[in-house]
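Per-entry structural report
Residues per chain, in single letters:
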Amino acid sequence: MGTNGSTMLKPLRQGLPPLDPAAVSDAASCALPARYDAVREARRFTRATLDQWDAGDRFDDICLVVSELVTNALRHALPGDAGCSEHAPSVRLHLMRWSERLVCAVRDPSHETPVPRDSDDFSAESGRGLFLVDSFADSWGWHPLAGTLHGKVVWALFRLRRAG
């Protein structure tokens, strides 16, 4: 998957954590439909990919964060009622692994800054997702896409235990 991985990374590279793109050992990505069952698909894809990569020790944390990032993308990034249309711009999940790091990045068509809501307001329906991302990932961030690509990427980084 090496060459495919590095071409996929090019538009994502700016703004990702300072990890050498040439040193990526594995990369996988999947397009997600603009429907809420996409969250389940994203979790299934993440589970299958992490099993393949033998990166299971952070599996629960990574799956939780992937779920939150994809939910946020679907909830906030898709315009109006397009949230359920087949023609809405897609959300894309990228998983990239270095020897002791894993990054999950979710690309969406919105330019809105992801802002964690005050987590004290437990009646709030949304906004707790980024609080969870912040709690379970080792770091996270976002950046607007450059060039011809519209939207943004929200990423989360996980430290992995060294194999063996």
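Note: the structure precedes this text.
Everything quoted here is computed from the prediction, not taken from an experiment.

Each value, and the rule that gives it
Residues numbered from 1 in each chain as written. Predicted model: local features only at pLDDT ≥ 70, side-chain atom pairs only at ≥ 80, totals over all residues. Heavy atoms only, no water. Helix = DSSP H or I, 4+ residues; strand = E, 2+ residues; numbered from the N terminus. Contact = heavy atoms within 4.5 Å. Areas by Shrake-Rupley, 256 points an atom, 1.4 Å probe, with all protein chains shown as cover. Buried < 20%, exposed > 50% of the residue type's maximum accessible area, 1.4 Å probe, protein only. Pairing = 2+ DSSP bridges. Core = buried A, V, L, I, M, F, W, Y, C linked by side-chain atoms within 4.5 Å. Arc of directions from axis to C-beta.

**Side note on the overall build of the protein**
Counting secondary structure elements, the protein contains 4 helices and 5 strands. Going residue by residue from the N terminus, the α and β elements of the protein occur as α-β-α-α-β-β-α-β-β. In the protein, of all internal contacts separated by at least 6 residues, the share reaching a separation of at least 24 is 66%. Here the protein displays about 8700 Å² of accessible surface, and carbon together with sulfur accounts for 50% of that area.

**Considering the pairing of strand β2 (residues 91–97)**
Judged by how many residues are buried, β2 sits mostly within the fold: 6 of 7 residues are covered. As paired elements, strand β1 (residues 26–32) and β2 share 7 bridges and run antiparallel to each other. Bridge pairing links S29 to H94 in β2. Pairing between β2 and strand β3 (residues 101–108): 6 bridges, direction antiparallel. The residue bridging M96 from the neighbouring strand is V103, located in β3. Counting the residues in the hairpin turn of β2 and β3 gives 3 residues.

**Considerations on the nonpolar core**
One finds L93 and C104 to be the most contacted residues of the largest nonpolar core, which totals 31 residues. Sorting the residues of this core by element identifies β1, α2 (38–53), α3 (59–77), β2, β3, α4 (128–136) and β5 (152–159) as the ones contributing at least two each. It is α3 that provides the largest number of residues to this core, a total of 9 residues. Not counting chain neighbours up to four residues away, the residues in contact with C104 comprise I62, V65, V66, L69, L93, H94, L95, V154, W155, A156 and F158. Within the second largest apolar cluster, 10 residues are counted, among which are V24, M96, V153 and L157.

**Quick look at α4**
Taken together, the buried positions of α4 are occupied by G129, L130 and V133. Seen end-on, α4 carries its buried residues on one side only, within an arc spanning 95°.

Purely geometric numbers; function is a separate question.
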